[in-house]
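What follows is the residue order along each chain.
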Amino acid sequence: MAHTDGVVCFHQRPLTVFASPGRYVQGPGATHELGRELKRLVFPFGGVCSCAEVTRLVNLAAGSGAVAVVGAGGGKASDTARAPRRFLVVGLGDALCDWGCAKEQTVACCNGSAITQELGQDAEHEKITRLGLARQGIASKTLDQLAGKNNTFGAVGAPDNPLRLLMSEKAAHCDGADYLPVASYAQSEAEARQALQNCRDWIVRQLNHAATSAGAMLDANGSLRSSQIPTLISCTFNGTSGRAKCNVLEALGLALHASQDFYSHSNWSDIAANQPIDQLNPPGIASSAISPWINPRLNPATQAAPITGCYNGFPESRHCNEGPGGRVKHMTLNKDTGAIDVATGAVGAGTTDRGKLNDNFGRSVRLAIADTRDKWLYFEDLVKAKYPGRSKRIICAIKQDNPSNSSCPL
């Protein structure tokens, strides 16, 4: 015992701390009570591996303070449990399906295939990509991997896959460039322009990465490297570097997705309603040409700046409400959903408020199709410039499903 300024201190060994569960069942026959006790911990499975079901389970698990998720039952139940587990770990909580449910068709998780579409789009990115690249000589399996097929994202849909963790990456969707010249708007015009520049930079960076990755498809002698071509095993577009052709397709998918979203999320091709302009009726530019703002060949500095919607999370009603009247939101400006017929190329009516108005869905889709084709041609030009003497074989190998040196001459 020691005395210090009237305080008595006792020197003793460190405390031993015993931690135990909040509920402890013990005694004869305790194992027979296991089922009843487990019911206290179980969240029943809704029966369908869907984005809405995953979101529901994430919210239940997060609300109960769970730190682990265990799936029990058949394949769908077990596989559905994987997504909540991953999103609890990374801390996304109820933001899991910000884009998966509200914006895109599927989420790759169930039995290695997909979560069933419930609330989102009807594969618009896939359809736009297929129409844009229809005459570029791309073989069916390669196009399936790039565009997606049968409720899979493909490379183009990957940014809308929650497991890819790009749903809130504004540049990947050309979001956040919102501005109106009204008093006390929450974002300056300069900040909005910077968001547009970020989108453009993202697209250019992905196209350049695709061209750089393409070189690894050939060896030092210019022969195709079969190990770098996905033939039997498809690509997995999860952000991890893999086979060269997969890397090319993934980067192209990121570039095309952002470009297509630009037209859907901006006012570039829009015609506003014939009523006062405000946050709920943003102005439209009504352009019928590919935008220089996302065209790597052009300098957009002298062009009128479009705006895109503010998106900071789901549900959107909770976000982007800063300032008098709030901000121009993604949910107000987007033209994400509507009818597209891949077989005929016909574009029908949009289903969002902005898309229904003045053929805005059709206007945005037609430009997105044209821009997709233009981006592919720009990519080919990059490859030709980067690999003179080899570009013909590289481009051929990217397009073919099972390329060879004989089918793709130098």
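Residues numbered from 1 in each chain as written. Predicted model: local features only at pLDDT ≥ 70, side-chain atom pairs only at ≥ 80, totals over all residues. Heavy atoms only, no water.

1. Concerning the pairing of strand β4 (residues 347–350)
Within a regular beta strand, the side chains point alternately toward one face of the sheet and then the other, so they alternate between its two faces. Sheet topology note: the strand β3 (residues 338–340)/β4 ladder contains two bridges and is antiparallel. Paired with Gly338 across the strands is Gly350, a residue of β4. As consecutive antiparallel partners, β3 and β4 are separated by six residues, and within that stretch Gly345 has a phi angle of approximately 80°, a positive value. (Pairing = 2+ DSSP bridges. Helix = DSSP H or I, 4+ residues; strand = E, 2+ residues; numbered from the N terminus.)

2. Thoughts on the pattern of salt bridges
What the rule picks out here adds up to 13 salt bridges. Residue Glu250 is joined to Arg164 by a salt bridge in which the shortest nitrogen-to-oxygen separation is 3.5 Å. A residue pair is termed long-range when its members are at least 10 positions apart, and Glu250 in helix α11 (residues 244–265) and Arg164 in the loop between α8 (154–157) and α9 (170–173) qualify at 86 residues. We classify Glu250 as buried; its relative accessible area is 8%. Among the residues examined, Arg164 registers a relative accessible area of 17% and is labelled buried. (Salt bridge = Lys/Arg side-chain N within 4 Å of Asp/Glu carboxyl O. Buried < 20%, exposed > 50% of the residue type's maximum accessible area, 1.4 Å probe, protein only.)

3. Structural notes on unusual backbone geometry
One non-glycine residue, Leu165, lies in the positive phi region at around 60°. Tracing the chain through its elements places Leu165 in the loop between α8 and α9. One non-glycine residue, Asn358, adopts positive backbone phi at about 55°. By secondary structure assignment, the location of Asn358 is in the loop between α13 (353–356) and α14 (360–386). Owing to a relative accessible area of 38%, Asn358 belongs among the partly exposed residues under this scheme.

4. Observations concerning empty space enclosed by the protein
Enumeration according to the criterion identifies two cavities of 30 Å³ or more in this entry. Taken as a whole, the largest cavity encloses approximately 110 Å³ of empty space. Every residue lining the largest cavity is counted, 14 residues in all, and those nearest its centre are Glu124, Ile128, Ser264, Lys335 and Asp336. The set of elements that each furnish at least two residues to the lining of the largest cavity consists of α6 (124–132), α11 and α14. Of the residues in the lining of the largest cavity, the class split is five nonpolar, five polar and four charged. (1 Å grid on protein atoms, 1.4 Å probe; cavity = no way out; pocket = protein on both sides within 12 Å on 5 of 7 lines; lining within 4 Å. Points joined across faces, edges and corners; volume = space filled by probe spheres on them. Nonpolar A, V, L, I, M, F, W, Y, C, P; charged D, E, K, R; others polar.)

5. As for the packing of α14 against helix α15 (residues 391–399)
Where α14 contacts α15, the two axes come as close as 9 Å, and the packing angle between them is 140°. When the interaxial angle is binned, α14 and α15 end up oblique. In the packing of α14 onto α15, the handedness of the crossing is right-handed. Residues Trp376, Phe379, Glu380, Val383 and Lys384 of α14 form the contact with α15, whose own contacting residues are Ser391, Ile394, Ile395, Ile398 and Lys399. (Axes fitted to C-alpha atoms, helices over the stretch in contact; angles between N-to-C directions. Parallel < 35°, antiparallel > 145°, perpendicular 65-115°, else oblique. Left-handed = near helix turned anticlockwise from the far one by under 90°. Contact = heavy atoms within 4.5 Å.)

6. Observations regarding the state of the cysteines
Applying the stated criterion across every chain, the model contains four disulfides. Across a sulfur-sulfur distance of 1.6 Å, Cys174 and Cys199 are joined as a disulfide pair. Highlighted residues: Cys174 in the loop between α9 and α10 (189–214) and Cys199 in helix α10, separated in sequence by 25 residues. Neither residue differs from the other here; Cys174 and Cys199 are each classed as buried. Paired by a disulfide, Cys396 and Cys408 hold their sulfur atoms 2.0 Å apart. The sign of the S-S torsion, about -70°, decides the handedness of the disulfide formed by Cys396 and Cys408: left-handed. Taken together, the residues span a long stretch of sequence, with Cys396 in helix α15 and Cys408 in the segment after α15 at a distance of 12 residues. (Disulfide = S-S within 2.5 Å.)

7. Some thoughts on the packing of aromatic side chains
A complete count under the given rule lists four aromatic pairs for this structure. Aromatic pair Tyr179 and Tyr185: ring centres 5.9 Å apart, planes at 80°, arrangement edge-to-face. Residue classification places Tyr179 among the partly exposed positions, given a relative accessible area of 23%. A relative accessible area of 11% places Tyr185 in the buried class. Both rings, one in Phe262 and one in Trp268, keep their centres 6.5 Å apart while their planes meet at 50°; by these two values the pair is tilted. Looking at Phe262, the relative accessible area reads 0%, which means it is buried. Trp268 sits in the buried class, given a relative accessible area of 5%. Here a set of aromatic residues connected by ring pairs shows up, and it is made of Phe262, Tyr263 and Trp268. (Phe/Tyr/Trp six-rings, centres within 6.5 Å; stacked < 30°, edge-to-face > 60°.)

8. Digging into the confidence of the model for the protein
Summarising the model, the protein shows a mean pLDDT of 84, and 76% of its residues fall at 70 or more. Scored below 50 in pLDDT, residues 1–5 shows eight contacts in the model against residues more than four places distant or in partner chains. Across residues 89–120 the pLDDT falls below 50, and counting only partners more than four positions away or on other chains, this stretch makes 109 contacts in the model. (pLDDT = per-residue confidence, 0-100.)

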